[in-house]
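Results of the structural survey
The residues making up each chain are set out below.
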Amino acid sequence: MTTDFLFRRPRRNRKTEAIRAMVEETRVTVNDLIFPLFLIEGSNKKTEVASMPGIFRLSVDLMLKEIEECLKLGIRAFDVFPAVEDSYKDKTATRSYDSSFFYLKALREIKAKFPEACIITDVAMDPYSSDGHDGLVKDGKILNDETLEILGKMALAQAETGIDMVGPSDMMDGRVRYLRDVLDKNGFSEVSIMSYTAKYASGFYNPFRDALDSAPKFGDKKTYQMNPANRSEALIEAQLDTEEGADFLMVKPALAYLDVIRLLKDNSVLPIAAYNVSGEYAMVKAAAQKGWLDGDRIMKETLLSIKRAGADVILTYFAKEFAMTQRT
Ligand code: PBG
């Protein structure tokens, strides 16, 4: 058999570990990761989210310890979400901008203790809303412009705690511009906006809604979150968020939307974030618990795929676990 024609042999670049490492095109590091955290009221409280093994709702004292451990592992960015008791919820999400509410108090404590950590907050009504929707509900409809006012108060109250970035996850039209305006007018021009730009109406959020007990009380989120079938619409949202003053554009979920991550990366000069959401975490954990997949390998391959698709930063519940595997 003659193999003279085989003068190109790509396998040469795979022949040793040293060469493979040299030609490696994508690397995930702890600098790329944002760790979402779930906060509950009280002290010394820690409850596991049933559908997210290894992920806990924490009271602020334990969250401070968690952040300290993560910082030692090199994780420096955290997105804090509040799990709010039903008795605090109302139609207008009043607690979301009540400075004595446990979420805002905790943010203040976290920033005071770890000024070097990048703390990101969530701007949307759902954790505080008795309707379980991201916006204000009237006659079964989600009102856009009326919601903006509430989001503005919420973002301002969060900014006052000293946090670094707000993350509007509500998908109301015009909210980036509105929030930028409110923040700037109140002396918070340094607070960044990580906009949930292309947030899809996805089945992958269920474990998160369990964690926060924030599922919509009626209907779905399809009049504000995007149709999973759409790509061009992601470009419209990206263009608007950019014009409106966003500092980061986010795609969410990540895995079923890798093409959208790439699309935004190729069409924007802003850093692209991707949210490796709760359902994506749950799938890997469930399969690993059954022994069907190697959880550690799948975690790394998953994060790599999101980075390779074009994400500059990844919000992931794997952040701490990944960082632990990087220790030498
Ligand atoms: C809602 C919000 C959701 C997530 C983050 N912010 C859920 C939703 O839109 O219902 C989901 C995150 C995840 O699934 O990990 N403002």
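The structure contained in this document is the topic of the report that follows.

Scoring rules and cut-offs
- Residues numbered from 1 in each chain as written.
- Predicted model: local features only at pLDDT ≥ 70, side-chain atom pairs only at ≥ 80, totals over all residues.
- Heavy atoms only, no water.
- Phe/Tyr/Trp six-rings, centres within 6.5 Å; stacked < 30°, edge-to-face > 60°.
- Helix = DSSP H or I, 4+ residues; strand = E, 2+ residues; numbered from the N terminus.
- Buried < 20%, exposed > 50% of the residue type's maximum accessible area, 1.4 Å probe, protein only.
- Lys NZ or Arg CZ within 6 Å of the ring centre and 35° of its normal.
- Near = heavy atom within 4 Å.
- Polar contact = N/O pair within 3.5 Å; in protein donor to acceptor, adjacent residues only side chain to side chain.
- Areas by Shrake-Rupley, 256 points an atom, 1.4 Å probe, with all protein chains shown as cover.
- 1 Å grid on protein atoms, 1.4 Å probe; cavity = no way out; pocket = protein on both sides within 12 Å on 5 of 7 lines; lining within 4 Å.
- Sits in = over half its atoms within 2 Å of the grid points.
- Nonpolar A, V, L, I, M, F, W, Y, C, P; charged D, E, K, R; others polar.
- Points joined across faces, edges and corners; volume = space filled by probe spheres on them.

**Thoughts on the packing of aromatic side chains**
Aromatic ring pairs: the centre-centre distance and the angle between the two ring planes describe each pair. Applying the stated criterion across every chain, the model contains 12 aromatic pairs. With a centroid separation of 4.7 Å and 50° between ring planes, the pair formed by Tyr-281 and Phe-318 is classed as tilted. You can see Tyr-281 sitting in helix α9 (residues 278-289) and its partner Phe-318 sitting in the loop between β12 (313-316) and α11 (319-325), a full 37 residues away along the chain. Like Tyr-281, the residue Phe-318 is buried in the burial classification. The lysine or arginine in question, Lys-199, covers the ring of Tyr-205, its NZ or CZ lying 5.5 Å from the ring centre. The ring of Tyr-205 carries the charged tip of Lys-252 above its face, separated from the ring centre by 4.8 Å.

**Quick notes on the site of the ligand**
Inspection of the region around the ligand gives 17 residues, with Arg-209, Lys-221, Lys-252, Ser-278 and Tyr-317 positioned closest. Within the side chain of Asp-126, one N or O atom sits 3.0 Å away from a nitrogen atom of the ligand. The side chain of Gln-225 places a nitrogen or oxygen atom 2.8 Å from an oxygen atom of the ligand. Bound to the protein, the ligand loses 100% of the 400 Å² it would expose on its own. Taking a 2 Å distance to the grid points as the criterion, the majority of the atoms of the ligand fall inside the largest cavity. Within the shell around the ligand, the residues separate by chemical class into 7 nonpolar, 3 polar and 7 charged.

**Observations regarding the layout of surface pockets**
One number sums up the size of the largest pocket: a volume of about 360 Å³. Lining the largest pocket are 18 residues, with Lys-46, Gly-54, Phe-56, Glu-66 and Lys-320 positioned closest to its centre. Those elements giving two or more residues to the lining of the largest pocket turn out to be β1 (33-40), β3 (56-59), α2 (60-73) and α11. Of the residues that constitute the lining of the largest pocket, the class distribution is 11 nonpolar, 1 polar and 6 charged. Roughly 240 Å³ of volume is contained in the second largest pocket. Along the walls of the second largest pocket sit 15 residues, with Met-171, Asp-173, Thr-223, Tyr-224 and Gln-225 positioned nearest its centre. Here the lining of the second largest pocket takes 3 residues from helix α7 (residues 232-244), the largest share from any one element.

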